[in-house]
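# Examining the three-dimensional arrangement
Listed below are the residues making up each chain.
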Amino acid sequence: MKLINVTNSHSRLVRNQLENTDAELVKVYTAGNSTIVYTVAPHHNEILLINKKRNLNEREINEVKEYFLKKMPSGSYEPDTITQIELPGLVEISIKTNQLSNNAS
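Described below are features of the structure shown in this document. Worth saying up front: this structure is predicted, and the values here are computed from it rather than measured. (Residues numbered from 1 in each chain as written. Predicted model: local features only at pLDDT ≥ 70, side-chain atom pairs only at ≥ 80, totals over all residues. Heavy atoms only, no water.)

### Focus: the side chain of Thr7
Short version of the rule: Put simply, DSSP marks the helices as runs of H or I at least four residues long and the strands as runs of E at least two long, and each gets a number from the N terminus on. Each residue gets one of three labels from its accessible area relative to the maximum for its type: buried under 20%, exposed over 50%, partly exposed in between, using a 1.4 Å probe on protein chains only.
As for its placement among the helices and strands, Thr7 is situated in the loop between β1 (4–5) and α1 (11–20). Overall, the relative accessible area of 15% leaves Thr7 in the buried class.

### Details of the pattern of salt bridges
Basically, it comes down to this: Just to be clear on terms, a salt bridge is a Lys or Arg side-chain nitrogen sitting within 4 Å of an Asp or Glu carboxyl oxygen.
Using the criterion set out here, one finds two salt bridges in the structure. For Glu60, the salt bridge identified is with Arg54, shortest N-O distance 2.6 Å. For Glu60, a relative accessible area of 6% gives the class buried. Arg59 is paired through a salt bridge with Glu63; the nearest N and O atoms lie 2.6 Å apart.

### Here we look at the pairing of strand β4 (residues 44–50)
What counts is decided by this rule: Whether two strands pair comes down to DSSP finding at least two bridges between them.
In terms of strand pairing, strand β3 (residues 34–40) meets β4 through six bridges, oriented antiparallel. Within β4, the position partnered with Thr35 by the bridge is Ile50. The antiparallel pairing of β3 with β4 creates a hairpin that spans three residues between the two strands. Where β4 lies against strand β6 (residues 90–96), seven bridges are found, and the strand directions are antiparallel. Note that in β6 the partner of His44 across the bridge is Lys96.

### Remarks on the nonpolar core
Definition in use: Grouping buried Ala, Val, Leu, Ile, Met, Phe, Trp, Tyr and Cys residues that are joined through side-chain atoms within 4.5 Å yields what is termed a nonpolar core. Whether two residues are in contact is decided by their heavy atoms: any pair within 4.5 Å suffices.
Ile36, Ile47, Leu49 and Phe68 are the most contacted members of the largest nonpolar core, which totals 18 residues. The biggest single contributor to this core is helix α2 (residues 58–71), with four residues. Apart from the residues lying within four places of it in its own chain, the contact partners of Phe68 are Leu3, Tyr29, Ile36, Tyr38 and Ile47.

### Section: the packing of aromatic side chains
Stated precisely, the cut-off is as follows: Aromatic pairs are defined between Phe, Tyr and Trp rings, using the six-membered ring for Trp, whenever the two ring centres lie within 6.5 Å; interplanar angles under 30 degrees are classed as stacked, those over 60 as edge-to-face, and all others as tilted.
On inspection of all chains with the given rule, the structure shows four aromatic pairs. On the basis of an interplanar angle of 75° and a centroid distance of 6.3 Å, the ring pair of Tyr29 and Tyr67 is categorised as edge-to-face. Of this pair, Tyr29 sits in strand β2 (residues 25–31) while Tyr67 sits in helix α2; the two residues are 38 residues apart in sequence, bridging distant segments of the chain. With centroids separated by 5.0 Å and ring planes inclined at 90°, the aromatic side chains of Tyr67 and Phe68 adopt a geometry described as edge-to-face. An aromatic cluster is built from Tyr29, Tyr38, Tyr67 and Phe68, whose rings are joined through pairwise contacts.

Put into structure tokens, the structure is as follows:
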């Protein structure tokens, strides 16, 4: 699965996230009919996968999750603290980050 960064096409969404949440970084990607919103905040990272045409399958979810986990510094999160909420056409993955690693960044 290839993720394409389309953040510049979603400036209103990015601005709203930055103004109204604790987010420090917001990036938007597309992968076919799926949209992925990746948010970095002081104590957690969020991955939101949306597909308005169909439900997301487990392979897609795992590929996206692994893509973003590889971008995070080693030891910056505990794998046991990752939570995932699945609804029709929507998946939210929340990754608690270690405060020590955030302070070192």
